[in-house]
Amino acid sequence: MTPTRFIARTASSGPELALVLGSGGARGLSHILVLEAIDELGLKPTLVAGSSIGAIVGAAYAAGLSGAALRAHLEASFRDRARVIARLLEARIGKIADLWRGGLGNPVLLDGERLLDLFWPQAVPDRFEDLAIPFLSVATDYHLHEEVILGSGPLTPAVAASLAIPGLIRPVVIAGRVLIDGGAINPLPYERLLQPGRIVLAVDTSAPATVSDSRVPEPLEAMVGVSQILTRALVQRMVERQPPDILVRAGGDGFGGLDFFRWQAILDAAAPVKDEVKRKVSEALDKAA
């Protein structure tokens, strides 16, 4: 079933609301709770920006899908574990045989654009210009080591670039630039959006430190885990330098970047964030009125 589209009111007076959804792997599924809270307040952001998993969820929301519709789509997509694995195999461009071809191949490498085609709701359009809400996807130029903000043209490659974790998702070439995971340089891209007359709500789903553990992670887990560590460190420094108008931390504790099959537990753990979002946004709007 195609998820229903959502049309909310935009406040006729007062500041605009910009929504920024950060990196965090599977923990970023908790962004859906934030979207539900905004919907229940009857608000519609005037701008959405996202990095990595935040770009995936943010683009779908900017397409006009409600938080509730995205929750339903997530449930329908991950209900059948075997089907999910089959889709992942469809998106895989690396082959087991690559291991014996000079040692340079990666048998788990995925095509991000194919991955989005398989898992995104059908209502998500092909181009930025067809979205219901203006949207920005943040990626990293691999060679120039700089942030790249994408906000026009084809949508799928722009979001695929934002989620291109090195070693897991293939880099995307756009306008001659080799682009990788936005979280590598800006996992919570709110700073450029701060301005008078706008309330910026930034949602951080980076992973906090866990209790001391002597368990040695598996190679793939370690690769994604390093990305999570860097993401948390970058966000902490950004917030210390210049915090957003509203900062919400979601994602819960004890979840790894690849724990997508634990989606229900992630949503359950993030449930309290809905009341936090409602309270903080309402207070900010009242203060600005």
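Residues numbered from 1 in each chain as written. Predicted model: local features only at pLDDT ≥ 70, side-chain atom pairs only at ≥ 80, totals over all residues. Heavy atoms only, no water.

Take the side chain of S30 next. Mapped onto the elements of the fold, S30 is located in the loop between β1 (16-21) and α1 (31-40). Within the structure, S30 has its side chain in polar contact with the backbone nitrogen of G251 (distance 3.2 Å). The contacts of S30, once residues within four sequence positions are left out, are T205, A250, G251, I266, L267 and A270. (Helix = DSSP H or I, 4+ residues; strand = E, 2+ residues; numbered from the N terminus. Polar contact = N/O pair within 3.5 Å; in protein donor to acceptor, adjacent residues only side chain to side chain. Contact = heavy atoms within 4.5 Å.)

The next point concerns the packing of aromatic side chains. If you walk through the whole model with that rule in mind, you get three aromatic pairs. Aromatic pair F78 and F119: ring centres 6.1 Å apart, planes at 25°, arrangement stacked. Placement of the pair is F78 in helix α3 (residues 67-78) and F119 in helix α5 (residues 112-119), with a sequence separation of 41 residues. For F119, a relative accessible area of 17% corresponds to the buried category. A centroid spacing of 5.9 Å and a plane angle of 15° characterise the contact between F128 and F135, whose relative ring orientation is stacked. The class of F128 is buried, set by a relative accessible area of 6%. Of the aromatic side chains, those joined through ring pairs into one cluster are F78, F119 and F261. Against the face of F261 rests R81, its NZ or CZ located 4.0 Å from the ring centre. When the ring centre of F119 is taken as origin, the NZ or CZ atom of R87, which lies over that ring, is 5.6 Å away. (Phe/Tyr/Trp six-rings, centres within 6.5 Å; stacked < 30°, edge-to-face > 60°. Buried < 20%, exposed > 50% of the residue type's maximum accessible area, 1.4 Å probe, protein only. Lys NZ or Arg CZ within 6 Å of the ring centre and 35° of its normal.)

What follows is about the packing of α1 against helix α9 (residues 273-288). Running from N to C, α1 and α9 cross one another at 45°; their axes reach a closest spacing of 8 Å. Accordingly, the angle class assigned to the pair α1 and α9 is oblique. Considering how the two elements wind past one another, α1 and α9 form a crossing that is right-handed. Residues L33, V34, E36, A37, I38 and E40 of α1 touch α9, and the partners they reach there are V273, K274, V277 and K278. Among the residues making up the contact of α1 with α9, the classes are represented as six nonpolar, no polar and four charged. (Axes fitted to C-alpha atoms, helices over the stretch in contact; angles between N-to-C directions. Parallel < 35°, antiparallel > 145°, perpendicular 65-115°, else oblique. Left-handed = near helix turned anticlockwise from the far one by under 90°. Nonpolar A, V, L, I, M, F, W, Y, C, P; charged D, E, K, R; others polar.)

With that settled, the discussion passes to the confidence of the model for the chain. The pLDDT averaged across the chain works out to 88; a share of 88% of its residues lies at or above 70. Below pLDDT 50 for its whole length, residues 1-12 participates in 25 contacts with residues either more than four positions away or in separate chains. In the predicted structure, residues 96-104 sits below a pLDDT of 50 and forms seven contacts with residues beyond four places in sequence or in another chain. (pLDDT = per-residue confidence, 0-100.)

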